[in-house]
Structures are given as structure tokens and as C-alpha cells.
Amino acid sequence: MVILKFLILIIIFFTLNIPLFAQTFSIKGQSWASALTNNDVPLGQSSLEYNIGYIPTFSLNKTLLDNYLIDMELSFQLNRTYSGESLINNTEIFYRYWVRYSSNTLEARLGLQKISFGPSQVLRTLSWFDTINLRDPTGQTHGVEAFRLKWFPSNVFSLWSWMMTNNQNNFSYGGRGELSTKLGEWGFTYHQDPSTSLQMMGQSSIPVSDPHYRLAIDYRYDGFIGLWNESAMIKSENLTINMVTLGADYTLPILNGILLMTEALYISTKPNLFTLPRTFSAFMASLPLGILHNVMLISSLDWDENYIYNYLRWNTTFDSFSINCMASINPKEMGNSIQFMFIYNH
């Protein structure tokens, strides 16, 4: 990992060490502040929790001949969480650092970057390398240290390949093909991971600690009703995990349009880590109110444990900032919460 960071810095220095006036330079960022209260407070902590954070982002790019582009991005995350007056979390880490070379048909990117794919929105079988959560209004996600190559010879077909490193300095690799047809959008993904460190697979957090491979197919159709599927198999010498997500959405022509979405996730393992295969469902309704306001409800069901999780968010969005009011109503064992968040983008 250290070698990769030094390599990235060397590439950035040698590829972009040219007069500053010949390049496009920008500084942007996202800051946020939130306050949360809930009725399930750990012993010794306050019922009020505060969070403040900021991600400054530095970008630099230069257009070369024949529509070739070299660009880079560097961002750092500062994040603090308080319980009452006590600091309970302090995060100071790189959020992104990468350099990219691209043309009309090729893109090569090296560094700490976002790699995300798949059409599912809530019950995401293909959440392999990201932490995207529809309930998070900041839209942030963890990145991975990787070299990724994308080749798109036409508007209907593209190929991805990648090599990643983890905290043990082990390298994993994989690839993905995407095909667009009149019948829908298809994706085929493979990943090989020799790591023996404990990993949690997807949003369901199924533990895997052996070398393994992952194989997946996903599909989306946009018609009168949107339909999609994500199916994946994760296999090691001692464990096989099968995951399937099915989803659909439709916009009711009422008021400004009510978006309805539903997903179902089925998980089975061999040998069985659960007493029975697990089944989850999610329902979402989203209603825009005018041009500034939006109300969204997400309900998630764990059919095997008979748990229902409800999330309600009202947000007002302006050009550079948004105000978010959120409420979570959960099973008794997990408690309920109310949260207010202010987000500023510049």
C-alpha cells in the first residue's frame, strides 16, 4: 500500500509538472453538520450526538492533443463525532487521491478511487467495493486503492479491469463487461481475492476470511416499469454464498410524480451460516414538492427475524446547500432516532 502511494505521487509529479497556466485548476468541497437524538443510548453517553465534517477537494486537469486528457484529484476527510461534550470519533484520512489518463475510448485511473456498479438501490448485492447508502444525504462512499482500466469501443459495449490492494498489501483483481441492447442493460463481473483477512460481503455483512472468487450478472430494463436484477456467487474452499436481488420501480402520475420502488434480496450459504436462507424486502416512495423540497420514505423488512426498519427524510435543496430532517423508526432492540443535517457544497 505504501509503495502504491509513492508510485501515485511520482506519477502525479512527472505527468503534471508543467506550467500552471496551461491547466484547469479547481478547489471544491463538502461540509456538513448534524445533530441526532435517539432513545437507545449506550451507558455513559449522552442522548444527543453531534457530527461535523469537511472534505476539501483539489482537482487539476490538462487537455492534450487528439482529445486526450490527464487529470488528478486529491481530497481529505475531516470528521468528528461528539456525544454530548465528549469526543467519541475523530477521523482524518485521505478520501480520494488518483491520477487518470483518458481518451474517447480508454480510461486508466490509479489511486484511491470509487468503484461502484449494479442497478440496485437499497438491497445491493453488488456492493463489493463501495459503501453507498441511499439513506445518507451526503452521498459519500469509501474508496479502494486500485488501478482501473476502462475500454469503451462503442456506445453499447465497455470492458473494465482492475487490480486492488488491501491493508495486508495483498493484490486482488477482476473485471466487468457491460452491454447495452434493446432488451436492456447487462453487466457481467468477476473478481479474484487471495486475501485471508476477514471481509464483510456487501451490505448484508456476511463474513468471509478465505481466498475466494466472486461471479455476478446484473440486468436493468427501463420501460413502462423499470426492472432490474443482481445475482452473485461468492465461493471459497469452505463456503459458497448465493445472493439475488430483484427490483422494480414506477412513477405514479400524481401531483409532481410519486416514485415507487421495491426490492427483494435472497441470501443462501453452503454450509449454512443461517438456520434458513435469509430474505429481505425494501420499499421506497419519493415525492417532490415544488422545485426545492422532497419527501422520501424507505421501509426495510427482515422476514426471518420479523423486523421492520423505517426511514423518513424531508429535504430542501438549494444551489449550494441542503437542509435534511430524518427520522428512523426501528425494532425495539435498536431504538428510534431523529436527525437534522446541514450540507454545504462549494
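That block above? That's the structure.
Structural notes, computed from the coordinates.

Points about the overall build of the protein chain
Counting its secondary structure elements, the protein chain contains 1 helix and 20 strands. Relative to its length of 346 residues, the protein chain is compact, with a C-alpha radius of gyration of 22 Å against a globular reference of 20 Å. Each principal axis of the C-alpha distribution contributes one length, and for the protein chain these read about 60 × 45 × 45 Å. Across the protein chain, every contact between residues at least 6 apart in sequence was considered, and the portion connecting residues at least 24 apart equals 46%. Accessible surface, the protein chain as shown: approximately 19,000 Å² in total, 63% of it carbon and sulfur.

Regarding the layout of surface pockets
If you roll a probe as big as a water molecule over the atoms, it shows you where there is empty space left. Of the pockets and cavities examined, the second largest pocket occupies roughly 270 Å³. Lining the second largest pocket are 16 residues, with Lys 28, Gln 30, Ile 55, Thr 57 and Tyr 95 positioned closest to its centre. Elements that contribute at least two residues to the lining of the second largest pocket include exactly strand S1 (24–38), strand S2 (48–63), strand S3 (69–83) and strand S4 (86–102). Top contributing element to the lining of the second largest pocket by residue count: S1, with 3 residues.

So, the packing of aromatic side chains
According to the stated counting rule, one finds 16 aromatic pairs in the structure shown. Site record: aromatic cluster; members linked through ring pairs are Phe 117, Trp 128, Phe 129, Trp 160 and Trp 162. Above the plane of the ring of Trp 98 lies Arg 109, whose end atom (NZ or CZ) is 5.0 Å from the centre. In this structure, Arg 214 is placed above the aromatic ring of Trp 128, and the distance from its NZ or CZ to the ring centre is 5.6 Å.

Brief notes about the environment of Leu 301
Note that Leu 301 resides in strand S17 (residues 293–302). Sequence-wise, Leu 301 and Ser 281 are 20 residues apart; in three dimensions their C-alpha atoms are separated by 5.1 Å. Not counting the four nearest positions on each side in its chain, Leu 301 is found in contact with Thr 279, Phe 280, Ser 281, Phe 283, Tyr 307 and Ile 308.

Let's talk about the pairing of strand S6 (residues 144–154)
Here 8 bridges tie strand S5 (residues 106–113) to S6, and the two strands are oriented antiparallel to one another. Along S6, the bridge assignment pairs Gln 113 with Val 144. Pairing of S6 with strand S7 (residues 157–165) involves 8 bridges; the strand directions are antiparallel. What sits directly across from Trp 151, in S7, is Leu 159. Linking S6 back to S7 in an antiparallel pair, the connection comprises 2 residues.

Some details on the pairing of S2
By the bridge criterion, 14 bridges tie S1 to S2 in an arrangement that is antiparallel. Bridge pairing in S2 links Ile 27 to Phe 58. Note that S2 and S3 share 13 bridges and pair antiparallel. Note that in S3 the partner of Ile 52 across the bridge is Arg 80. The antiparallel pairing of S2 with S3 creates a hairpin that spans 5 residues between the two strands, and Asp 66 there sits at a positive phi of about 60 degrees.

Thoughts on the pattern of salt bridges
Proximity of charged atoms lets side chains of opposite charge pair with each other. Under the defined criterion, the tally for this structure stands at 11 salt bridges. A salt bridge links Asp 71 to Arg 100; its shortest N-O distance comes to 2.6 Å. Note that Asp 71 is positioned in strand S3 and Arg 100 in strand S4, a separation of 29 residues in sequence. For Arg 100, the salt bridge goes to Glu 107, with nearest N and O atoms at 3.8 Å.

Details of unusual backbone geometry
The phi dihedral of Leu 255 falls on the positive side, at around 55 degrees, and the residue is not glycine. Relative to the assigned elements, Leu 255 resides in the loop between strand S14 (240–252) and strand S15 (258–270). In this structure Leu 255 comes out as exposed when scored by relative accessible area, which is 71%. Of note, the phi angle at Asn 306 is positive, near 60 degrees, even though the residue is not glycine. Counting through the fold element by element, Asn 306 comes out in the loop between S17 and strand S18 (307–317). We classify Asn 306 as exposed; its relative accessible area is 66%.

Some words on the side chain of Ser 236
Its location among the elements puts Ser 236 in strand S13 (residues 226–236). Leave out the neighbours within four places in its chain, and Ser 236 touches Asp 210, Pro 211 and His 212.

Calculation criteria
- Residues numbered from 1 in each chain as written.
- Predicted model: local features only at pLDDT ≥ 70, side-chain atom pairs only at ≥ 80, totals over all residues.
- Heavy atoms only, no water.
- Helix = DSSP H or I, 4+ residues; strand = E, 2+ residues; numbered from the N terminus.
- Rg over C-alpha atoms; globule rule 2.2 N^0.38 Å.
- Contact = heavy atoms within 4.5 Å.
- Areas by Shrake-Rupley, 256 points an atom, 1.4 Å probe, with all protein chains shown as cover.
- 1 Å grid on protein atoms, 1.4 Å probe; cavity = no way out; pocket = protein on both sides within 12 Å on 5 of 7 lines; lining within 4 Å.
- Points joined across faces, edges and corners; volume = space filled by probe spheres on them.
- Phe/Tyr/Trp six-rings, centres within 6.5 Å; stacked < 30°, edge-to-face > 60°.
- Lys NZ or Arg CZ within 6 Å of the ring centre and 35° of its normal.
- Pairing = 2+ DSSP bridges.
- Salt bridge = Lys/Arg side-chain N within 4 Å of Asp/Glu carboxyl O.
- Buried < 20%, exposed > 50% of the residue type's maximum accessible area, 1.4 Å probe, protein only.

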